[in-house]
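Observations on chain architecture
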Amino acid sequence: MFGCLVAGRLVQTDAVQVASDKFVFNLADYENVNHVVVFMLGTVPFPAGMGGAVYFSFPDPVSGSPVWQLLGFITNDKPSAIFKISGLKIGEGGAHPFGSMAPSASPSVAQVGVSVEALDQLVQQIPVSSAAVSTVDSFLHFTQKMLESLYNFASSFAVSQAQMMPNPTETFIPSSCILKWYENFQRRMSQNPNFWKN
């Protein structure tokens, strides 16, 4: 019903069914994993009005007991999701439907769990914020900050025409050109955040 993928590894489709509505993947050597993809195989859809809450569990460094954190969810309409787990290795666990499962046999094995739940419950749950993968909004924000940084850096070297010393090995670019490029780039990003891919 579900698959799990980590970059550089084979796809896992061998989820262990720990209850009628709960499935768990073991994730060896989780300390070296940054992102995990959880997806439906397409063979069995969720029942109407249901989806899957995706959790990540890792052994607590002190007690060794599993610490579960909600990553997000998948549904028939959104059959896959990618989650960042590299920042989840510390912090408190939250409420989860997996009960008191036995800790993993190895301290470097984590678990990804899928719990089949009602859609109205899924949308009310709040996943850990650090599990979210970059979105277009954060990319736009990064791009704007990068452009501002370039403009500010280049402007810090600005000199007036009277202050310019002749130097045949240097090329001078008017700051108005950089400002115009900055404004054009921002305008194009706001119209189509993926324009730079062409």
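The present account deals with the structure reproduced in this document. As the structure is a computational prediction, the values presented were derived from the model and not from experiment.

A short note on the environment of valine 38
Turning to its location among the elements, valine 38 is positioned in strand β4 (residues 35-40). Once the C-alpha coordinates of valine 38 and serine 80 are considered, the two residues, 42 residues apart in sequence, prove to be 5.7 Å apart.

Structural notes on the sheet that holds strand β7 (residues 80-84)
Strand order in the open sheet formed by three strands is β1-β4-β7, and the pairing between neighbours is antiparallel. Each of the sheet's edge strands pairs with one partner strand only, and the pair in question is β1 (2-5) and β7. Adjacent strand axes in the sheet meet at a mean angle of 20 degrees when their direction is disregarded. Of the pairings in the sheet, the one linking β1 to β4 comprises four bridges and is antiparallel in character. In the strand pairing of β4, glycine 3 is matched with phenylalanine 39.

Looking at the pattern of salt bridges
In this structure the tally under the stated criterion is one salt bridge. Across the pair aspartate 21 and lysine 22 runs a salt bridge whose closest N-O atoms are separated by 3.0 Å.

Notes on helix α3 (residues 175-191)
Taking 1.5 Å per residue as the helical rise, α3 with its 17 residues ought to reach 24 Å, and the 25 Å between its terminal C-alpha atoms agrees with that figure. The set of residues buried in α3 consists of Tyr182, Phe185 and Met189. Looking straight down α3, one finds its buried side chains confined to an arc of 70 degrees; they lie on one side. Opposite the packed face of α3, turned more than 90 degrees from it, sit the exposed residues Lys180, Ser190 and Gln191.

Quick notes on the packing of aromatic side chains
All chains considered together, the criterion is met by eight aromatic pairs. Here tyrosine 151 and tyrosine 182 contribute two aromatic rings whose centre-to-centre distance is 6.3 Å and whose plane-to-plane angle is 25 degrees, an arrangement assigned as stacked. Of this pair, tyrosine 151 sits in helix α2 (residues 136-155) while tyrosine 182 sits in helix α3, and the two are 31 residues apart along the sequence. Ring pairs connect the aromatic residues Phe2, Phe23 and Phe46, which therefore count as one cluster. In this structure, lysine 78 packs its charged tip against the face of phenylalanine 73, placed 5.2 Å from the ring centre.

Some points on the sheet that holds strand β3 (residues 22-28)
The sheet built from five strands is open, its strands ordered β2-β3-β8-β5-β6 with antiparallel pairing. Bordering the open sheet on either side are β2 (16-19) and β6 (66-74), each of which pairs with just one other strand. Across this sheet, the average inter-strand angle for adjacent strands is 30 degrees, counted without regard to direction. Direction of pairing for strand β5 (residues 50-59) relative to β6: antiparallel, over a ladder of eight bridges. Paired with alanine 53 across the strands is phenylalanine 73, a residue of β6.

About the cut-offs
- Numbering of residues starts from 1 in every chain and runs along the sequence as written.
- Confidence filtering applies because this is a predicted model: local features only for residues at pLDDT of at least 70, side-chain atom pairs given and counted only at 80 or more, and all residues used for totals across whole chains, interfaces and linings.
- Only hydrogens and water are removed before side-chain values are computed, so all heavy atoms of the structure are retained for them.
- Helix numbers and strand numbers start at the N terminus; a helix is a DSSP run of H or I with at least 4 residues, a strand a run of E with at least 2.
- Any two strands with at least two DSSP bridges between them are considered paired.
- Here, axes are lines fitted to C-alpha atoms. For helices the fit covers the stretch in contact, and angles between N-to-C directions go from 0 to 180 degrees.
- The working definition used for a salt bridge is a side-chain nitrogen of Lys or Arg within 4 Å of a carboxyl oxygen of Asp or Glu.
- Take the residue count of a helix, subtract one, and multiply by 1.5 Å to get its expected span.
- Relative accessibility thresholds used throughout: buried, under 20% of the residue-type maximum; exposed, over 50%; partly exposed, between the two (1.4 Å probe, protein chains only).
- Directions from the helix axis toward the C-beta atoms define the arc.
- Aromatic rings from Phe, Tyr and Trp, with only the six-membered ring used for Trp, were paired whenever their centres fell within 6.5 Å, and each pair was classed as stacked if the ring planes differed by under 30 degrees, edge-to-face if by over 60, and tilted otherwise.
- Throughout this description, the term charge over a ring refers to an Arg CZ or Lys NZ atom that lies within 6 Å of the ring centre and within 35 degrees of the ring normal.

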